[in-house]
Amino acid sequence: MTEIPEEQQAAALRAVAEAGSRRADLLSEAERILIEEIRPLSIEAARTGAGRTRIRELARVGPAVLYRWLDEAGIPVRPKRRAAD
């Protein structure tokens, strides 16, 4: 018995939906870990005097993210440098 194109399409779309759902769940979990775990731990590390570059490397976040977190936590950060003209 051969499948009709609509059945093949439906099966393919179900597979896409399943993969998309798994991805959304993983992204949601990653966001939770970032905000609830990595952010406070990074702020605490900065308060202990740990190097900010090392914190960024270990947290795997960019400088804008880390410096925003630090600024929001009341930890001094120097102003962003202007781009060269």
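Scroll up for the structure.
What you see as residue numbers is a count from 1 along each chain, following the sequence as written. Local features in this predicted model are restricted to residues of pLDDT 70 or higher, and side-chain atom pairs are both shown and tallied only at a pLDDT of 80 or more, whereas totals for entire chains, interfaces and linings draw on every residue. Only hydrogens and water are removed before side-chain values are computed, so all heavy atoms of the structure are retained for them.

Here we take up the nonpolar core. Nonpolar cores are built from buried Ala, Val, Leu, Ile, Met, Phe, Trp, Tyr and Cys residues. Side-chain atoms within 4.5 Å join them into one set. Throughout, exposure labels follow a simple rule: accessible area from a 1.4 Å probe, protein chains only, divided by the maximum for the residue type, with under 20% read as buried, over 50% as exposed, and the rest as partly exposed. Ile43, Ala46, Ile55, Ala59, Val61, Leu66, Trp69, Leu70 and Ile75 form the largest nonpolar core, which has nine residues in total. Only helix 1 (5-47), helix 2 (52-59) and helix 3 (63-72) provide two or more residues apiece to this core. The way it works is that DSSP assigns letters per residue, a run of H or I at least four long becomes a helix, a run of E at least two long becomes a strand, and they are numbered from the N terminus. Here this core gets three residues from one element, more than from any other, and that element is helix 3. Here, residues are in contact when the closest pair of their heavy atoms is within 4.5 Å. Residues contacting tryptophan 69, with those up to four places away along its chain left out, are Leu34, Ile38, Arg39, Ser42, Ile43 and Val61.

So, about the packing of helix 2 against helix 3. Relative placement of two packed helices is described by the angle separating their axes and the distance separating the axes. Axes here mean lines fitted to C-alpha atoms, for a helix over just the part in contact, with angles spanning 0 to 180 degrees between N-to-C directions. The geometry of helix 2 relative to helix 3 is characterised by a closest axis approach of 10 Å and an angle of 115° between their N-to-C directions. As far as their axial angle goes, helix 3 and helix 2 are roughly perpendicular. Regarding helix 2 and helix 3, the two cross each other, and that crossing is right-handed. Side by side, helix 2 and helix 3 meet where Arg52, Ile55 and Arg56 of the first sit next to Pro63, Leu66, Tyr67 and Leu70 of the second. Three classes are used, and their members are as follows: Ala, Val, Leu, Ile, Met, Phe, Trp, Tyr, Cys and Pro are nonpolar, Asp, Glu, Lys and Arg are charged, and the others, Gly among them, are polar. Its residues assigned to classes, the contact of helix 2 with helix 3 comprises five nonpolar, no polar and two charged. Oblique is the label for any angle not covered by the other classes, which are roughly parallel (under 35 degrees), roughly antiparallel (over 145) and roughly perpendicular (65 to 115). Crossings are assigned a handedness: left-handed for a near helix turned anticlockwise from the far helix by less than a right angle, right-handed for a clockwise turn.

You can see serine 42 is positioned in helix 1. Judged by relative accessible area, serine 42 falls into the buried class, the value being 5%. Apart from residues lying up to four places away in sequence, serine 42 is in contact with Ile55, Ala59, Leu66 and Trp69.

Here we take up the environment of glutamate 44. The residue glutamate 44 is located in helix 1 in this model. The exposure class assigned to glutamate 44 is partly exposed, which follows from its relative accessible area of 45%. Counting along the chain gives 24 residues from glutamate 44 to arginine 68, while the straight-line C-alpha distance between them is 14 Å.

A negative phi angle characterises most non-glycine residues, just as the trans form characterises most peptide bonds. Of note in the backbone geometry, arginine 60 takes a positive phi value of approximately 60° without being a glycine. Within the secondary structure layout, arginine 60 lies in the loop between helix 2 and helix 3.

In what follows, salt bridge is the name for a side-chain nitrogen of Lys or Arg lying within 4 Å of a carboxyl oxygen of Asp or Glu. Under the counting rule described, the total for this entry stands at seven salt bridges. Note that glutamate 29 and arginine 32 form a salt bridge whose closest N and O atoms lie 2.9 Å from each other. One end of the pair, glutamate 29, and the other, arginine 32, are both in helix 1, three residues apart, so they sit about a helical turn from each other. Taking the relative accessible area as the measure of exposure, glutamate 29 reaches 37% and is therefore partly exposed. A single network of salt bridges, built from pairs that share partners, joins Glu29, Arg32, Glu36 and Glu37.

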